[in-house]
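# Results of the structural survey
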Amino acid sequence: MDFGLPPELPLDRLQAPFDAASEALVRLDERLRMSPVADAYVARTHFRDACAALWREGGFVDLEDLVLNDARMDARSPTHELVRAHGVLIARRQIAERAPDWALTKRGMASLRGGSSFAACETSGREDEEDDPPDFSPDDSADENPFAEIDALLARTSGDRAGAPTREELGLVYDADWDEAARLGEWRARVEETRALPPLMAAARAFDAWAEIEPLQRQSWLGPLLVAALLRARGKTRHHLAALHVGLRGVRHRTRPDGDLASRMLAFGHLIQSLAEAEMRELDRLTLAREILLRKCKGKRAHSKLPRLAEFCLASPIISAPLVAKELEVSKQAATTMIGELSSNLRELTGRGRYRAWAVI
């Protein structure tokens, strides 16, 4: 069976590498289904992938700064790169928490891009009417509540401002001749043509098409997220959203539409296999760290918060006393004491007396 592949894509050349990559990816996903650290792994992966996305664009975002920014506990003023990385983090969480195919719909893409009327449709409850504009007209209950119209206006404006600025707001930042809607439509049409392909080959074609078409001027990082969503929608990654930016950071991979198409697809297959194998090692590390941390919690009183701290250490790439105090709702002194009980299995990152941070070994 040729799956409708173009003539320049010989199946005999692609079959074995893609089978190996698919097997590794499925093995990772199945291990996550059964793993006690699956939630912690997913939470950590969101942070790592967001930092890797900015790295691919030439920016550097420290993982520690992103964690603190997400908790609204910044140690210093956020940089432009940090704000963008947090946008990637929010987008990943949205895609992971919604229905598998949500990100690939018009409404999903518009919401991820930010500032679109489709984003306002998110709360309208009409998922089956994807192209209908939102209806913000007041209902009959407005007579009972004199502030209903004001509430509706506030809901509308807050919904529109929740995401990134619109093209109109950014003005000269965008090229006026760059028709993002048309380019996204072309990319979606390319994705639709891959329905007959196996999931991983379909993802490879979608990834290559994104690099060729370049639909978005300011959010090129969205492409790998949508490809990861495609893998999830096709049932290849049911229990996690693939961290393609992390994989792209770790290997040399052509993202530009030059060279041979078969070679680019093979590179994508090798990328997926390398990523899956590396993430399984990360899963092993977290599993071992959990066993060691939980041993420290044995014999504690029933109402002790030390087990919760152990789980938080696994879910967060870094911890600090203020961060633990906020998460566990304890005093800073109590947080410092509990961290001290686990310190033999934590690595201190800062080495400073005024501000200290730790991570699991």
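Residues numbered from 1 in each chain as written. Predicted model: local features only at pLDDT ≥ 70, side-chain atom pairs only at ≥ 80, totals over all residues. Heavy atoms only, no water.

The helix and strand tally for the protein chain stands at 16 helices and three strands. Residues classed as buried in the protein chain amount to 43% of the 361 residues present. Put simply, of all contacts in the protein chain between residues at least 6 apart along the chain, 62% involve residues at least 24 apart. When the accessible surface of the protein chain is totalled, it reaches about 18,900 Å², and 50% of it is carbon and sulfur. (Helix = DSSP H or I, 4+ residues; strand = E, 2+ residues; numbered from the N terminus. Buried < 20%, exposed > 50% of the residue type's maximum accessible area, 1.4 Å probe, protein only. Contact = heavy atoms within 4.5 Å. Areas by Shrake-Rupley, 256 points an atom, 1.4 Å probe, with all protein chains shown as cover.)

This brings us to the side chain of Lys 236. Note that Lys 236 resides in the loop between helix 11 (222–233) and helix 12 (244–250). Buried within the structure, Lys 236 lacks any salt-bridge partner; its nearest side chain of opposite charge belongs to Asp 19, at an N-O separation of 7.9 Å. At 2.6 Å, the side chain of Lys 236 forms a polar contact with the side chain of Ser 22. Setting aside its immediate chain neighbours within four residues, Lys 236 contacts Ser 22, Leu 25, Val 26, Asp 29, Pro 199 and Leu 231. (Lys, Arg positive; Asp, Glu negative; His and termini not counted. Salt bridge = Lys/Arg side-chain N within 4 Å of Asp/Glu carboxyl O. Polar contact = N/O pair within 3.5 Å; in protein donor to acceptor, adjacent residues only side chain to side chain.)

With that out of the way, let us pick up the confidence of the model for the protein chain. Across the protein chain, pLDDT averages 82, with 77% of residues at or above 70. The spread of mean pLDDT over the elements of the protein chain runs between helix 6 (residues 117–120), the lowest at 36, and helix 11, the highest at 97. Considering only residues more than four positions removed or in separate chains, one finds that residues 157–165, a stretch of pLDDT under 50, has 11 contacts. (pLDDT = per-residue confidence, 0-100.)

We now examine the environment of Val 191. By the element assignment, Val 191 lies in helix 9 (residues 180–192). Between the C-alpha atoms of Val 191 and Phe 207, which are 16 residues apart in sequence, the distance is 9.3 Å.

Pairing between sheet strands relies on hydrogen bonds along the backbone, with the strands arranged either parallel or antiparallel. With antiparallel pairing, the three strands of this open sheet are ordered in space as 1-3-2. On the outer flanks of this sheet lie strand 1 (319–320) and strand 2 (346–348), each paired with one strand and no other. The sheet contact formed by strand 1 and strand 3 (residues 357–360) spans two bridges and is antiparallel. Residue pairing across strands places Ile 319 opposite Trp 358, the latter belonging to strand 3. (Pairing = 2+ DSSP bridges.)

Inspection of the entire model under this criterion finds two cavities of 30 Å³ or more. One number sums up the size of the second largest cavity: a volume of about 40 Å³. Elements represented by at least two residues in the lining of the second largest cavity include exactly helix 1 (11–34), helix 2 (38–56) and helix 13 (261–296). For the lining of the second largest cavity, the per-class residue count stands at seven nonpolar, two polar and one charged. (1 Å grid on protein atoms, 1.4 Å probe; cavity = no way out; pocket = protein on both sides within 12 Å on 5 of 7 lines; lining within 4 Å. Points joined across faces, edges and corners; volume = space filled by probe spheres on them. Nonpolar A, V, L, I, M, F, W, Y, C, P; charged D, E, K, R; others polar.)

Let's shift gears to the packing of helix 15 (residues 321–328) against helix 16 (residues 332–342). It is at 8 Å that the axes of helix 15 and helix 16 come closest, and there the two elements cross at 105 degrees. Taken as axis vectors, helix 15 and helix 16 run roughly perpendicular relative to one another. Between helix 15 and helix 16, the contacting residues are Ala 321, Pro 322, Val 324, Ala 325 and Leu 328 on the first element and Lys 332, Ala 335, Thr 336, Met 338 and Ile 339 on the second. Taken together, the residues of the contact of helix 15 with helix 16 sort by class into eight nonpolar, one polar and one charged. (Axes fitted to C-alpha atoms, helices over the stretch in contact; angles between N-to-C directions. Parallel < 35°, antiparallel > 145°, perpendicular 65-115°, else oblique.)

By size, the foremost hydrophobic cluster in this structure holds 100 residues, and its most contacted members are Leu 66, Trp 187, Leu 226, Phe 268, Leu 309 and Ile 319. The element contributing the most residues to this core is helix 13, with 14 residues. Other than its neighbours up to four places away in sequence, Leu 309 contacts Ile 319, Val 324, Leu 328, Met 338, Ile 339 and Leu 342. (Core = buried A, V, L, I, M, F, W, Y, C linked by side-chain atoms within 4.5 Å.)

Bringing the pattern of salt bridges into the picture now. Applying the stated criterion across every chain, the model contains 18 salt bridges. When the shortest N-O distance is used, the salt bridge between Arg 33 and Glu 30 registers 2.5 Å. Taken together, the residues Arg 33 and Glu 30, both in helix 1 and three residues apart, mark about one turn of the helix. It is possible to trace a salt-bridge network through shared partners that takes in Glu 186, Arg 190 and Glu 212.

Of note, Ser 320 is situated in strand 1. In contact with Ser 320, other than residues within four places in its own chain, are Leu 68, Ile 339, Tyr 355, Arg 356 and Trp 358.

Before going further, it helps to spend a moment on the layout of surface pockets. Each pocket or cavity is described by its volume, and for the second largest pocket that value is around 410 Å³. Considering the residues around the second largest pocket, the lining is formed by 21 residues, among which Arg 48, Leu 63, Glu 64, Pro 317 and Ile 318 are closest to the centre. Only helix 2, helix 3 (63–70), helix 12, helix 13 and strand 3 provide two or more residues apiece to the lining of the second largest pocket. Tallying contributions element by element places helix 2 first for the lining of the second largest pocket, with five residues.

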